[in-house]
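Given next are the chains, with one letter for each unit.
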Amino acid sequence: VTDEMLARGFGRDSAVIALGGGVVGDLAGFVAATFMRGIPVVQVPTTLVAMIDASIGGKTGVDTPAGKNLVGAFHQPAAVLIDPAVLATLPPRELRAGLAEAIKHGVIADAGYFDRTVDALPQLLATGGATGDAMQLVIDGSVAIKRSVVERDEREQGVRKILNFGHTLGHAAEALSGYSLLHGEAVAIGMAVESRLAEGLGLAESGTADRVRMALSRATLPDRMPPSLAADRLIALTRHDKKTRRDRVEYALPKRIGQMAGEDTEWGIAVADADALAALSSSFGTNHGC
Ligand SMILES: NC(=O)c1ccc[n+]([C@@H]2O[C@H](COP(=O)([O-])OP(=O)(O)OC[C@H]3O[C@@H](n4cnc5c(N)ncnc54)[C@H](O)[C@@H]3O)[C@@H](O)[C@H]2O)c1
Ligand SMILES: [Zn+2]
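Residues numbered from 1 in each chain as written. Chains lettered and ligands numbered in written order. Predicted model: local features only at pLDDT ≥ 70, side-chain atom pairs only at ≥ 80, totals over all residues. Heavy atoms only, no water.

## A short note on the overall build of the protein
If you tally the helices and strands in the protein, you get 11 helices and 10 strands. Taken against the 2.2 N^0.38 rule, which gives 19 Å for 290 residues, the C-alpha radius of gyration of the protein at 18 Å falls within 12% of a compact globule. Over its C-alpha atoms, taken along the principal directions, the protein stretches across nearly 55 × 45 × 35 Å. Looking at the protein as a whole, 52% of its 290 residues are labelled buried. For the protein, restricting intrachain contacts to residue pairs at least 6 apart in sequence, the fraction spanning at least 24 positions comes to 72%. For the protein, the computed accessible surface area is about 12,800 Å², with 53% contributed by carbon and sulfur atoms. The distance from the centre of the 29 positive side-chain charges to the centre of the 34 negative ones in the protein is 2 Å. (Helix = DSSP H or I, 4+ residues; strand = E, 2+ residues; numbered from the N terminus. Rg over C-alpha atoms; globule rule 2.2 N^0.38 Å. Buried < 20%, exposed > 50% of the residue type's maximum accessible area, 1.4 Å probe, protein only. Contact = heavy atoms within 4.5 Å. Areas by Shrake-Rupley, 256 points an atom, 1.4 Å probe, with all protein chains shown as cover. Lys, Arg positive; Asp, Glu negative; His and termini not counted. Charge placed at Lys NZ, Arg CZ, Asp CG, Glu CD.)

## Brief notes about the packing of helix α7 (residues 167–176) against helix α8 (residues 183–200)
With their axes 7 Å apart at the nearest point, α7 and α8 run at an angle of 135° to one another. Between α7 and α8, the angle is such that the two are oblique. Considering how the two elements wind past one another, α7 and α8 form a crossing that is right-handed. The residues of α8 that touch α7, namely those facing His167, Thr168, Leu169, Gly170, His171 and Glu174, are His183, Ala186, Val187, Gly190, Val193 and Glu194. A class-by-class count of the residues in the contact of α7 with α8 yields 4 nonpolar, 6 polar and 2 charged. (Axes fitted to C-alpha atoms, helices over the stretch in contact; angles between N-to-C directions. Parallel < 35°, antiparallel > 145°, perpendicular 65-115°, else oblique. Left-handed = near helix turned anticlockwise from the far one by under 90°. Nonpolar A, V, L, I, M, F, W, Y, C, P; charged D, E, K, R; others polar.)

## Some thoughts on the site of ligand 1
Around ligand 1, a shell composed of 18 residues is seen, among which Gly22, Asp26, Thr46, Thr47 and Thr89 lie nearest. Backbone polar atom of Gly22 to an oxygen atom of ligand 1: 2.7 Å apart, as the coordinates give it. Between ligand 1 and the protein, one listed contact pairs an oxygen atom with a side-chain N or O atom of Thr47 at 2.5 Å. Notes on ligand 1: free accessible area 870 Å², of which the protein chains cover 73%. In a pocket analysis with a 2 Å cut-off to the grid points, ligand 1 is assigned to the largest pocket. Counting only elements with at least two residues in the shell around ligand 1, the list comes to α2 (22–34) and α3 (48–54). Taken together, the residues of the shell around ligand 1 break down into 6 nonpolar, 6 polar and 6 charged. (Near = heavy atom within 4 Å. Polar contact = N/O pair within 3.5 Å; in protein donor to acceptor, adjacent residues only side chain to side chain. 1 Å grid on protein atoms, 1.4 Å probe; cavity = no way out; pocket = protein on both sides within 12 Å on 5 of 7 lines; lining within 4 Å. Sits in = over half its atoms within 2 Å of the grid points.)

## Topic: the nonpolar core
Ranked by internal contacts, the top residues of the largest apolar core, which has 45 residues, are Leu48, Leu87, Ile103, Leu124, Ile139, Met191 and Leu216. At the level of secondary structure, the elements contributing two or more residues to this core comprise α3, α4 (92–109), α5 (111–125), α6 (133–152), α8 and α9 (208–218). Looking at which element gives the most residues to this core, the answer is α6, with 8 residues. The contact partners of Leu87, leaving out residues within four places of it in the chain, are Thr46, Thr47, Leu48, Met51, Ala130, Met135 and Ile139. Ala173, Ala204, Leu234 and Tyr251 belong to the second-largest nonpolar core, a separate cluster that totals 25 residues. (Core = buried A, V, L, I, M, F, W, Y, C linked by side-chain atoms within 4.5 Å.)

Take a look at the structure:
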């Protein structure tokens, strides 16, 4: 994209409009961040994942064979324009993947929003639900949560880490599946396993993992790790994740629905491989529909 822009004579006074899902937003944002050392980007997200998550907060990047999110830049958009009407053509599987990030926002920051989202799931999943009041609730609620977290910690030195809930094992599953799992599906499975891990470590109130799994199943999202993904390879992949520190891997783990653990460790919880393996071992199973 950069070569094409240079070939066509775009200069420092140009801007990039990212019209598409999270992949387009991350790529176009990264091009804008680096083109002539940075030109403005306007995010116009067209998937639910991009509307409520990827377009907000300025993280941009491209995936490399070594792993996700190893090459990127922080580049805040000049504007984000969200028109929920475009969701009318989004395939249902992609819509559900977006709901995983909405459930995540509830778990990490707002129990009331979690409950309202879970209540609205049947309407959100119904044909035509894409543009109704329930969808507006999710877009408004999730954008507000993501925005408030990023405003407090733009560069992920602290509280922004809570947005990684479900993503340490989720990214590993996404990569190991050869990207046959959608990002949101992998994050759904990651949240199910990581909330079980949080309970196992005594960090989360008992019942937290069950409530997360109940929400995922109501959203018809996967909550079991596919048996085709080997536990030791998943653990190895969590080490490639950028969240690795010393000989332990850093996770974002819940305390209860609406609140994360780790306030005194800047929101990152160092977890030994053995503990992650224990949570994983009881999490394999077959999911319906994916
Ligand atoms: N930067 C961030 O903070 C951040 C946050 C979350 C996810 N991400 C990244 O975003 C990516 C996932 O984004 P995604 O879920 O939007 O996937 P995607 O960009 O691959 O889009 C999903 C599919 O939907 C199609 N599509 C897009 N809009 C449509 C519409 N309105 N109607 C019909 N089809 C449409 C796309 O062509 C694509 O085939 C992952 O790579 C993930 O890592 C980044
Ligand atoms: Zn995500």
